[in-house]
Amino acid sequence: MRKESEKRDSLWQSASQSPKKKASGNMPVKVAVVLGLCLSTVAAIAVWQRERETLAIELRESTENLRSALQEQIDGNSDLTGGNFSAGELLKATLPGQVLENLNIYLYQESVDGEFEPLAFYEFNAHTLIVDRLDPPKLSGRGWLCPEFSVPSSSSTGQAFRQLRQTQTTGKPCQRTLSVGDRQWFLLLLPTSAYLAPYKYWQSWGIFLGGSILTSLLATYLLVSGRYTKQVEELVEERTIKAQQLQKALEELQETQGMLVHSEKMSSLGQMVAGIAHEINNPVNFISGNISCTKEYVQDLLKLIEVYQSHYPNPDPDIEEFSSEIDLDFLAEDLPKILNSMQVGVNRISQIVLSMRNFSRLDRAEMQAVNLHEGIDSTLLILNNRLTAKAGIYGIKLIKTYGELPLVECNAGQLNQVFMNIVANAIDAIESYDKQRSQEEKKANPSWIAIQTSVGNASDIRGGYDYVTVTIADNGPGIPADIQKKIFDPFFTTKPVGKGTGLGMSIAYKIVVEGHGGTIRCRSSVGQGTEFTINLPIRQISTNQKPNLMEICVA
Ligand SMILES: Nc1ncnc2c1ncn2[C@@H]1O[C@H](COP(=O)(O)OP(=O)(O)OP(=O)(O)O)[C@@H](O)[C@H]1O
Ligand SMILES: [Mg+2]
């Protein structure tokens with residue numbers, strides 16, 4: 001051994017120190033050896049280079065094959081769903097002439113919690129890509145890692161791979177890490193021992209083939225899962241839209257039903273009021289017409305008594321007695337007064353009847369130019385009972401500030417509903433507020449409802465339309481900001497079950513905004529009160545010109 005190494009050393013040294021001297025003697029042999037070595041190295045490099053080029057060409061071909069094979073499958077299968085790709089065909093087309101039996105391919109992903117999660121696999125005996133039956137391969141014995149691909153060193157997936165590698169006995173797995181977006185996939189190519197025996201080139205270009213096959217598998221998987229996800233998404237979207245449409249239809253149905261019930265209620269109230277007004281109207285006219293005659297007759301009779309008295313200053317004692325019994329002088333003085341007050345009462349009844357007829361407005365179902373004050377007054381008359389003080393309950397003061405309003409083209413019966421709903425809400429709010437307030441508070445700060453009307457011109461927002469404004473305010477409890485946003489929603493109520501349907505304000509909104517092209521606005525602050533402002537165009541304009549403004553301003 002020593003001799004050999006000394007010989008080598010001396011050879012090296014002599015070659016470097018005194019080439020001429022050493023060249024004499026063994027020169028041809030050495031040159032031949034060196035040349036041989038060089039030639040064989042060059043030959044090996046050439047072979048290796050050729051192999052590389054061949055592999056590169058094959059890889060390019062396989063990629064191209066894969067692309068066209070995939071395209072073919074896509075073109076031939078317009079409604080592909082998960083798992084319908086024929087992976088066997090795909091692999092055969094990608095690697096023509098290669099025997100792919102005894103080759104199993106697995107696809108894993110690292111899940112969010114760092115687990116080792118199998119996704120899909122190709123089994124040589126099944127020749128199919130399986131995505132719905134995912135059993136991780138049971139590897140045992142020592143594994144083998146493709147040289148140019150690495151596994152993550154720190155992650156649990158990396159550890160899992162290393163474990164597989166260490167325990168694998170049959171065949172040598174090739175694995176590869178691929179990152180797409182923020183996801184990572186791990187591909188495992190596992191040839192069985194039966195594959196290794198006949199195919200010696202496995203270790204050299206098998207890596208490229210493996211990479212190519214695995215890439216094809218991943219591409220297939222991504223395509224399949226992408227399509228599948230898209231289909232599921234489309235289905236979910238379709239169903240969501242249908243569910244939303246159904247929900248909307250249901251809500252509209254409930255809203256319409258509620259509105260029907262409410263308008264039926266209002267119409268019944270209107271009919272009842274109209275009926276009562278009609279029934280009272282005849283006898284009242286009867287009384288009113290007769291009272292003026294009665295007054296005349298009474299005046300005449302009293303005059304006659306006066307004439308009698310002047311002609312017979314000393315009447316019969318019986319007449320004298322009866323006169324003093326009935327207190328003729330007082331009677332003569334009081335009777336005209338009674339008749340006058342009866343006349344006032346009858347006039348009042350006539351006014352009430354007129355207001356009741358105004359309220360019901362059954363005769364004015366269509367748009368007509370009307371006096372809004374009449375509608376407001378008739379509404380107040382219907383609600384008068386709730387405004388006046390009763391035993392133990394303070395009344396609600398009514399403050400009316402009416403401006404000079406022109407006749408407004410509107411559906412009077414519907415607008416009366418609006419006034420009714422708003423004033424009734426104000427009364428409800430004040431009543432419940434007063435239950436919480438002490439007598440002193442109520443005395444110091446009595447409840448009121450103020451109604452104000454005016455004319456305006458909104459040249460800025462409504463293209464110069466003239467409009468009237470009706471403001472109905474109260475000094476009740478006010479409405480919290482979060483509730484204010486909902487008061488115009490159908491069925492929204494803060495009242496106990498059975499007391500409120502929650503439709504009053506939504507109907508008011510529909511009538512004013514949709515029915516008349518007006519606006520309705522609510523301003524309120526807790527503890528201060530609430531104010532509803534209605535703007536109505538004086539003349540109705542065609543539907544497409546109608547301003548459709550809905551503003552809810554929070555004070
Ligand atoms: N002036 C007001 N003061 C305080 N809260 C009010 C006033 N007006 C309306 N609200 C609130 O708005 C809600 C909705 O009113 P809306 O008239 O739509 O329904 P409702 O009065 O509850 O029931 P109904 O269908 O019988 O009218 C009321 O429940 C109440 O909470
Ligand atoms: Mg209401």
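Bear in mind the structure is a predicted one, so any value in this text is a computation, not a measurement.

Moving on, we get to a nonpolar patch on the surface. A cluster of nonpolar side chains, Leu301, Leu304, Tyr308 and Tyr312, forms an exposed patch at the surface whose accessible area comes to about 460 Å². Tracing the backbone through its elements, the reader meets leucine 304 in helix H6 (residues 202–311).

Now for the site of ligand 1. Within the structure, ligand 1 sits among 18 residues, and Asn425, Thr493, Thr494, Lys495 and Thr501 are positioned closest to it. Residue glycine 504 places a main-chain N or O atom 3.3 Å away from an oxygen atom belonging to ligand 1. Expressed as a share of its isolated accessible area of 600 Å², the protein-covered part of ligand 1 is 92%. Secondary-structure elements contributing two or more residues to the shell around ligand 1 are helix H10 (412–436), helix H13 (504–516) and strand S12 (529–537). With three residues, H10 is the single largest residue contributor to the shell around ligand 1.

A pair of packed helices can be characterised by two numbers: the angle between their axes and the separation between those axes. Following both chains from N to C, one finds helix H9 (residues 372–387) and H10 inclined at 35°, their axes separated by 9 Å at the closest point. Crossing angle aside, the handedness with which H9 passes H10 is right-handed. Note on element contacts: H10 touches H9 through Leu415, Asn416, Phe419, Met420, Val423, Ala424, Ile427, Asp428 and Glu431, opposite Leu372, Gly375, Ile376, Ser378, Thr379, Leu380, Ile382, Leu383, Arg386 and Leu387.

On to the pairing of strand S11 (residues 519–525), then. The buried count for S11 comes to five of seven residues, which makes it a mostly enclosed element. Of the strand pairs in this sheet, S11 and S12 are connected by seven bridges, and their pairing is antiparallel. Opposite arginine 521, over in S12, you have threonine 533 as the bridge partner. From the end of S11 to the start of S12, which pair antiparallel, there are three residues, and glycine 527 there has a positive phi angle of about 85°.

So, on to the packing of aromatic side chains. This model, assessed by the stated rule, comprises two aromatic pairs. Ring geometry for tyrosine 308 against tyrosine 312: centres 6.3 Å apart, planes inclined by 25°, an arrangement best described as stacked. Judged by centre distance (6.0 Å) and plane angle (55°), the ring pair of phenylalanine 488 and tyrosine 509 falls under tilted. Note that phenylalanine 488 is positioned in the loop between helix H12 (481–484) and H13 and tyrosine 509 in helix H13, a separation of 21 residues in sequence. Judged by its relative accessible area of 9%, phenylalanine 488 falls in the buried class.

At a closest axis distance of 8 Å, the pairing of helix H8 (residues 328–360) and H9 adopts a crossing angle of 110°. The angle between the axes of H8 and H9 places the two elements in the roughly perpendicular class. Mapping the contact onto sequence places Arg348, Ile352, Ser355, Met356, Asn358 and Phe359 in H8 and Glu374, Ser378, Thr379, Leu381 and Ile382 in H9. Of the residues contributing to the contact of H8 with H9, the split by class is five nonpolar, four polar and two charged.

Across its 13 residues, H13 extends 17 Å between first and last C-alpha, which sits within 8% of the 18 Å expected from 1.5 Å per residue. Of all 13 residues that make up H13, 10 are buried, and the element is covered over most of its length. Taken as a whole, H13 has its buried residues at Gly504, Met505, Ser506, Ile507, Ala508, Tyr509, Ile511, Val512, Val513 and His516. Following H13 by one or two positions, glycine 517 has its phi on the positive side, about 65°.

Once that is clear, we can look at unusual backbone geometry. Even without being glycine, aspartate 327 reaches a positive phi, approximately 50°. Of the residues examined, aspartate 327 reaches a relative accessible area of 40% and is grouped as partly exposed. Backbone geometry places phenylalanine 491, a non-glycine residue, at a positive phi of 70°. Looking at the secondary structure, you find phenylalanine 491 in the loop between H12 and H13. For phenylalanine 491, a relative accessible area of 39% puts it in the partly exposed group.

Take the nonpolar core next. By size, the foremost hydrophobic cluster in this structure holds 50 residues, and its most contacted members are Leu372, Ile449 and Ile520. Ranked by residues supplied to this core, first place goes to H10 with 10 residues. Not counting the four nearest positions on each side in its chain, isoleucine 449 is found in contact with Leu387, Ile396, Lys397, Leu398, Ile399, Val423, Ala426, Ile427, Ile430, Ile472, Ala473 and Asp474.

A separate point is the pattern of salt bridges. Per the stated rule, a full pass over the model turns up 11 salt bridges. Residues aspartate 428 and arginine 386 are paired through a salt bridge, measuring 2.7 Å at the closest nitrogen-oxygen approach. One end of the pair, aspartate 428, is in helix H10; the other, arginine 386, is in helix H9, with 42 residues separating them in the sequence. The exposure class of aspartate 428 is buried, given its relative accessible area of 16%.

Before going further, it helps to examine helix H7 (residues 317–326). For H7, a buried count of zero out of 10 residues is recorded, marking the element as mostly open to its surroundings. Measuring from the backbone nitrogen of aspartate 318 back to the side-chain oxygen at the start of H7 gives 3.0 Å, which picks out aspartate 316 as the cap. Immediately downstream of H7, the backbone of aspartate 327 shows phi near 50°, a positive value.

In this section: the confidence of the model for the protein. Averaged over all residues, the pLDDT of the protein is 72; the fraction at 70 or higher stands at 59%. In this model, residues 136–158 is a region of pLDDT below 50 whose contacts with residues beyond four sequence positions or in other chains number 73 contacts. Contacts from residues 197–205, a stretch scored under 50 in pLDDT, to residues over four places away or in other chains number 16 contacts.

Rules used throughout
- Residues numbered from 1 in each chain as written.
- Chains lettered and ligands numbered in written order.
- Predicted model: local features only at pLDDT ≥ 70, side-chain atom pairs only at ≥ 80, totals over all residues.
- Heavy atoms only, no water.
- Patch = residues over 30% accessible without salt bridge, like charges linked within 9 Å, V, L, I, M, F, W, Y side chains within 5 Å.
- Areas by Shrake-Rupley, 256 points an atom, 1.4 Å probe, with all protein chains shown as cover.
- Salt bridge = Lys/Arg side-chain N within 4 Å of Asp/Glu carboxyl O.
- Helix = DSSP H or I, 4+ residues; strand = E, 2+ residues; numbered from the N terminus.
- Near = heavy atom within 4 Å.
- Polar contact = N/O pair within 3.5 Å; in protein donor to acceptor, adjacent residues only side chain to side chain.
- Axes fitted to C-alpha atoms, helices over the stretch in contact; angles between N-to-C directions.
- Left-handed = near helix turned anticlockwise from the far one by under 90°.
- Contact = heavy atoms within 4.5 Å.
- Buried < 20%, exposed > 50% of the residue type's maximum accessible area, 1.4 Å probe, protein only.
- Pairing = 2+ DSSP bridges.
- Phe/Tyr/Trp six-rings, centres within 6.5 Å; stacked < 30°, edge-to-face > 60°.
- Parallel < 35°, antiparallel > 145°, perpendicular 65-115°, else oblique.
- Nonpolar A, V, L, I, M, F, W, Y, C, P; charged D, E, K, R; others polar.
- Expected span 1.5 Å × (residues − 1).
- Core = buried A, V, L, I, M, F, W, Y, C linked by side-chain atoms within 4.5 Å.
- pLDDT = per-residue confidence, 0-100.

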